[in-house]
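The residues making up each chain are set out below.
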Amino acid sequence: MTNKRDLKRTINYICSDLFAECIAASLYSGKPNEENVNALLMSILHTQNDYVRRISHPEPGMKPKAYFNNLTESFNKQAGEIVDQICNLD
């Protein structure tokens, strides 16, 4: 298991890349719905804040390794869903 600092750094890098990709996709894909783009950008920011906070305050009673493995899996799933939404911007 990596330390909390590296995990936070990785989440911040991934979310910043997703944010930049969303902006680039909205600029170069013609005229996507501005409300959808703004909602997707807010979703990325909320995801980043949520997961960084969850790293800082793990659930009591869970083993740390299981908690952080579950956290990593759920973040990867959430990031995959955001990538799919970026691909479907119209």
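Quick caveat, the model's predicted, so the values are computed rather than measured.

Colleague: Teacher, can you tell me more about the overall build of the protein here?
Modeller: Each helix and strand in the protein was counted, giving three helices and zero strands. Secondary structure elements in the protein, listed N-terminal to C-terminal, are α-α-α. Of all 90 residues assigned to the protein, the portion counted as buried reaches 27%. Pairs at least 24 apart in sequence give 75% of the contacts found in the protein among residues at least 6 apart. For the protein, the accessible surface area stands at approximately 6,300 Å², while carbon and sulfur atoms represent 52% of it. Computing the positive centroid from 10 side-chain charges and the negative centroid from 11, the protein places the two 13 Å apart.

Colleague: Please explain the packing of helix H2 (residues 34-56) against helix H3 (residues 64-87) as it appears in this structure.
Modeller: Helix-helix packing: each pair is described by the crossing angle between the helix axes and the interaxial distance. Taken N-terminus to C-terminus, the directions of H2 and H3 make an angle of 175°; their axes are 11 Å apart at the nearest point. If you check the angle between H2 and H3, you find them roughly antiparallel. Two secondary-structure elements touch here, H2 through Leu-40, Ser-43, Ile-44, Thr-47, Tyr-51, Arg-54 and Ile-55 and H3 through Tyr-67, Phe-68, Leu-71, Ser-74, Phe-75, Gln-78, Ile-82, Gln-85 and Ile-86.

Colleague: So what exactly am I meant to see when it comes to a nonpolar patch on the surface here?
Modeller: On the surface, Ile-23, Leu-27 and Tyr-28 cluster together to form a nonpolar patch covering roughly 380 Å² of accessible area. Tracing the backbone through its elements, the reader meets Ile-23 in helix H1 (residues 4-28).

Colleague: Looking at this structure, how should I read the packing of H1 against H2?
Modeller: One way to put it is that H1 packs onto H2 with a least axis distance of 10 Å and a crossing angle of 180°. Classified by the interaxial angle, the pair formed by H1 and H2 is roughly antiparallel. Two secondary-structure elements touch here, H1 through Lys-4, Leu-7, Lys-8, Ile-11, Asn-12, Cys-15, Leu-18, Phe-19, Cys-22, Ile-23 and Ser-26 and H2 through Val-37, Leu-40, Leu-41, Ile-44, Leu-45, Gln-48, Tyr-51, Val-52, Ile-55 and Ser-56.

Colleague: Honestly, the pattern of salt bridges in this entry has me stumped. Any pointers?
Modeller: Think of it this way: side chains of opposite charge can pair up when their charged atoms draw near. Per the stated rule, a full pass over the model turns up two salt bridges. For Asp-6, the salt bridge identified is with Arg-9, shortest N-O distance 3.5 Å. Taken together, the residues Asp-6 and Arg-9, both in helix H1 and three residues apart, mark about one turn of the helix. On the accessibility criterion, Asp-6 (33% relative accessible area) is partly exposed. Residues Arg-54 and Asp-50 are paired through a salt bridge, measuring 3.7 Å at the closest nitrogen-oxygen approach. In this pair, Arg-54 and Asp-50 both sit in helix H2, four residues apart, roughly one turn of the helix. Judged by relative accessible area, which is 34%, Asp-50 ranks as partly exposed.

The rules behind the values
- Residues numbered from 1 in each chain as written.
- Predicted model: local features only at pLDDT ≥ 70, side-chain atom pairs only at ≥ 80, totals over all residues.
- Heavy atoms only, no water.
- Helix = DSSP H or I, 4+ residues; strand = E, 2+ residues; numbered from the N terminus.
- Buried < 20%, exposed > 50% of the residue type's maximum accessible area, 1.4 Å probe, protein only.
- Contact = heavy atoms within 4.5 Å.
- Areas by Shrake-Rupley, 256 points an atom, 1.4 Å probe, with all protein chains shown as cover.
- Lys, Arg positive; Asp, Glu negative; His and termini not counted.
- Charge placed at Lys NZ, Arg CZ, Asp CG, Glu CD.
- Axes fitted to C-alpha atoms, helices over the stretch in contact; angles between N-to-C directions.
- Parallel < 35°, antiparallel > 145°, perpendicular 65-115°, else oblique.
- Patch = residues over 30% accessible without salt bridge, like charges linked within 9 Å, V, L, I, M, F, W, Y side chains within 5 Å.
- Salt bridge = Lys/Arg side-chain N within 4 Å of Asp/Glu carboxyl O.

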